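# Remarks on the overall topology
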Amino acid sequence: IPVDPFDLVLFGATGDLAQRKILPGLYHRFEVGQMPEEARIVATGRREMDDATFRDHVRSAMKEFAPEVKAEVLGRFLERVEYVAVDARGDYGWCRLAGSLRPDVVRAFYLSVGPSLFQGIAQRLHDHGLATPDSRIVVEKPFGHDLASARALNEGLRTSFEEHQIYRIDHYLGKETVQNLMALRFANSLFEPLWNATHIDHVQITVAETVGIEGREAYYDQSGAMRDMVQNHLVQLLCLIAMEPPSKFAPNAVRDEKVKVIEALDPVEPGDIARGQYRPERGDDGYLDHVGNPDSRTESFIALKVRVANWRWAGVPFYLRTGKRLRARESEIAVVFRDPPHTIFPNVGHLRGNILVIRLQPDEGITLSTTIKDPGPGGFRLADVSLDMSFAEALGADARAQDAYERLVMDVIRGDQTLFMRGDEVEAAWAWVDPVIKGWEDGRDRPSPYDQGSSGPEEALMLMHRDGRRWRQIG
Ligand code: BG6
């Protein structure tokens, strides 16, 4: 279904994210007819350039990041793209930009720029009369560095836009499988009665990456895995697992429930954290070489044991881990059910609890481990077998790995904030993360070195072992 005609003003249009994700995402929505012919993308950047030159930029970006595009469709898509040079820090270009926008279509401003520019751009949009009561503003992470800076950003944006106009992107929420989590929990009656401390032993959330921090060394060394991944993506995943059923699938109903989860998170004890830095290996530099700072105490890996202190989750630990340069690119959530309380079968020993695994990437799908009788007339033996559902197989070719940005940008145009973070949600997550980081800054501990291509440092394994549990294997 096509969305309404729109003018999307893209700040930072020559930047990496715009070229790699946002413009290819829009192209794909155009190809399937969701972005209507009357829609326009007004790209802006500091450099002076004409439409044709910018379109050439997009063409070469597409070659690199979306080689499957069809030349004819790309030609028509590019006709929808214009370029206006605008100085985000000064007054140049704003009047021209104002003149290029249509009054009667949905208007969205996508700030694909560093957070230091958010408030200035929001202010200028307001001062030059570009922001209408219905226009939307989209911002990308990092949304703050800590609670104070996130609050300042929120306040800055709210001087020119209302909360219902502000779309804070966490691209994990746009991932198909992440949305499927909500379908799994709330469109099936099977799981919800079991979804609590009575039946669930613990939850493991893993976002393992093979990439390092190439090209983002300065940003990353100021952030580390806690700020870069946990404060946003992993907390969001945890919320979707732990939240109460919202009364409806509507922006505030969903986000209210997520905020309650974040507010219920217990402070993390220092002993419940394992941090790591990947070490040099076979001629390949390690983290400290990459950031060019032998004294850096920033973590490229983190594992945490987290408690959601409420009635539903009392006593159920959530183990979170994420890191760079690990064995495989693999993200999953494993909900580990309690062991059966009693074994009726002779000689089989202890029965293990079922595990529901939601695979986020790659090979998106859901697996439920079950125990069955080993076939055959021999003795009564048991075997572990998985009920396995791969989205690609179940849903066919249409399940083309749609990039999160395709979905999210269309939701902005539709005016649906369900998959975007509300200001209080972001602040609540920082309020939980801040004391942990402060503890590291005040202390002397260094992250432990770990091998590239491993599952992280030994301490991460210990975090589970001492509780008599094991991480699922990565890769
Ligand atoms: C980004 C982080 O938000 O998410 C990156 O800044 C990380 O460090 C990326 O690599 C992971 O996203 P995805 O979609 O590849 O899992």
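Residues numbered from 1 in each chain as written. Predicted model: local features only at pLDDT ≥ 70, side-chain atom pairs only at ≥ 80, totals over all residues. Heavy atoms only, no water.

An unreviewed UniProt entry lists the chain under the name Glucose-6-phosphate 1-dehydrogenase, with Ruegeria sediminis given as the organism. UniProt, in its Sequence similarities (unreviewed entry) section for the chain, records the words "Belongs to the glucose-6-phosphate dehydrogenase family." (UniProt positions renumbered as here; feature names shortened; annotations may be inferred.)

Around the ligand, the neighbouring residues are Lys-141, His-171, Tyr-172, Lys-175, Glu-209, Arg-216, Asp-228, Met-229, His-233, Lys-324, Arg-329 and Gln-361. The contact in question runs from an oxygen atom of the ligand to an N or O atom on the side chain of Tyr-172, over 2.5 Å. The side chain of His-233 places a nitrogen or oxygen atom 2.7 Å from an oxygen atom of the ligand. Notes on the ligand: free accessible area 400 Å², of which the protein chains cover 81%. Ranked by residues supplied to the shell around the ligand, first place goes to helix 8 (residues 217-242) with three residues. Here the shell around the ligand is composed, by residue class, of two nonpolar, three polar and seven charged. (Near = heavy atom within 4 Å. Polar contact = N/O pair within 3.5 Å; in protein donor to acceptor, adjacent residues only side chain to side chain. Areas by Shrake-Rupley, 256 points an atom, 1.4 Å probe, with all protein chains shown as cover. Helix = DSSP H or I, 4+ residues; strand = E, 2+ residues; numbered from the N terminus. Nonpolar A, V, L, I, M, F, W, Y, C, P; charged D, E, K, R; others polar.)

The positions that UniProt labels "domain: Glucose-6-phosphate dehydrogenase NAD-binding" (unreviewed entry) are, in the present scheme, residues 9-180. Taken end to end, residues 9-180 comprises 43% helix and 16% strand; its first and last C-alpha atoms sit 30 Å apart.

What follows covers the layout of surface pockets. Considered as a void within the structure, the second largest pocket measures approximately 790 Å³ in volume. Contributing to the lining of the second largest pocket are 32 residues, with Val-336, Arg-352, Ile-355, Arg-470 and Arg-472 lying nearest its centre. Residue assignment for the lining of the second largest pocket shows that the elements contributing at least two residues are strand 7 (200-208), strand 11 (330-337), strand 12 (355-361), strand 13 (365-373) and strand 14 (382-390). A total of five residues in the lining of the second largest pocket trace back to one element, the largest contributor, which is strand 11. When grouped by side-chain class, the residues that make up the lining of the second largest pocket number six nonpolar, 15 polar and eleven charged. (1 Å grid on protein atoms, 1.4 Å probe; cavity = no way out; pocket = protein on both sides within 12 Å on 5 of 7 lines; lining within 4 Å. Points joined across faces, edges and corners; volume = space filled by probe spheres on them.)

What follows is about the sheet that holds strand 2 (residues 40-45). Reading across the sheet, the six strands line up as 3-2-1-4-5-6 and stay open at both edges, with parallel pairing between neighbours. Each edge of the open sheet is held by one strand with a lone partner, namely strand 3 (81-85) and strand 6 (166-168). Geometrically, the sheet is characterised by an average inter-axis angle of 20° between neighbouring strands, direction not taken into account. With four bridges joining them, strand 4 (residues 106-111) and strand 5 (residues 136-139) adopt parallel strand pairing. Along strand 5, the bridge assignment pairs Leu-111 with Val-139. The sheet contacts of helix 1 (residues 16-31) involve strand 1 (6-11), strand 2 and strand 4, and relative to strand 1 the element is tilted by about 170°. The strands touched by helix 6 (residues 147-158) within the sheet are strand 5 and strand 6, with strand 6 carrying the most contacts at an inclination of about 150°. (Pairing = 2+ DSSP bridges. Axes fitted to C-alpha atoms, helices over the stretch in contact; angles between N-to-C directions. Contact = heavy atoms within 4.5 Å.)

Another point: the packing of aromatic side chains. On inspection of all chains with the given rule, the structure shows 14 aromatic pairs. A network of ring pairs unites the aromatic residues Tyr-220, Tyr-278, Tyr-287, Phe-301 and Tyr-450 as a single cluster. When the ring centre of Tyr-172 is taken as origin, the NZ or CZ atom of Lys-175, which lies over that ring, is 4.6 Å away. The residue whose ring lies beneath Arg-275 is Trp-440, and the NZ or CZ to ring-centre distance is 4.0 Å. (Phe/Tyr/Trp six-rings, centres within 6.5 Å; stacked < 30°, edge-to-face > 60°. Lys NZ or Arg CZ within 6 Å of the ring centre and 35° of its normal.)

The next point concerns the packing of helix 8 against helix 9 (residues 251-263). Packing of helix 8 against helix 9 leaves a shortest axis separation of 9 Å and a crossing angle of 105°. The orientation of helix 8 with respect to helix 9, classified from their angle, is roughly perpendicular. Together, Val-235, Gln-236, Leu-238, Cys-239, Leu-240 and Ala-242 of helix 8 and Lys-258, Val-261 and Ile-262 of helix 9 make up the contact between the two elements. Looking at side-chain class alone, the contact of helix 8 with helix 9 contains seven nonpolar, one polar and one charged residues. (Parallel < 35°, antiparallel > 145°, perpendicular 65-115°, else oblique.)

In this section: the pattern of salt bridges. The full count for this structure, using the stated rule, is 45 salt bridges. One salt-bridge network, in which partners are shared between bridges, spans Lys-141, Glu-209, Arg-216, Asp-228 and Lys-324. (Salt bridge = Lys/Arg side-chain N within 4 Å of Asp/Glu carboxyl O.)

The next point concerns the environment of Gln-204. Structurally, the position occupied by Gln-204 is in strand 7. The spacing of Gln-204 and Ser-247 is 43 residues in sequence and 27 Å in space, taken between C-alpha atoms. With sequence-adjacent residues up to four places away left out, Gln-204 is seen in contact with Tyr-319, Arg-321, Glu-332, Ile-333, Ala-334, Met-464, Arg-470, Trp-471 and Arg-472. Separated by 2.9 Å, the side chain of Gln-204 and the backbone nitrogen of Arg-472 make a polar contact.

Position of Glu-214 relative to the elements: it lies in the loop between strand 7 and helix 8. Distance from Glu-214 to His-290, taken between C-alpha atoms, is 7.8 Å for residues 76 residues apart in sequence. Side chain to side chain, Glu-214 and Arg-325 meet in a polar contact 2.6 Å long.

Assignment of secondary structure puts Arg-185 in helix 7 (residues 176-186). When neighbours within four sequence positions are excluded, Arg-185 is seen to be in contact with Glu-192, Trp-195, Leu-240, Ile-241, Ala-242, Met-243 and Arg-312.

With that settled, the discussion passes to the sheet that holds strand 14. Adjacent strands of a sheet pair through backbone hydrogen bonds, lying either parallel or antiparallel. Reading across from one edge, 14-13-12-11-7-10-9-8-15 is the order of the nine strands in this open sheet, with mixed pairing throughout. In this open sheet, the two edge strands, each paired with only one partner strand, are strand 14 and strand 15 (448-450). Here the average twist between neighbouring strands, direction ignored, is 20°. Strands in contact with helix 8 are strand 7, strand 9 (301-307), strand 10 (317-323), strand 11 and strand 12; relative to strand 10, the strand with the most contacts, it is inclined by about 140°.

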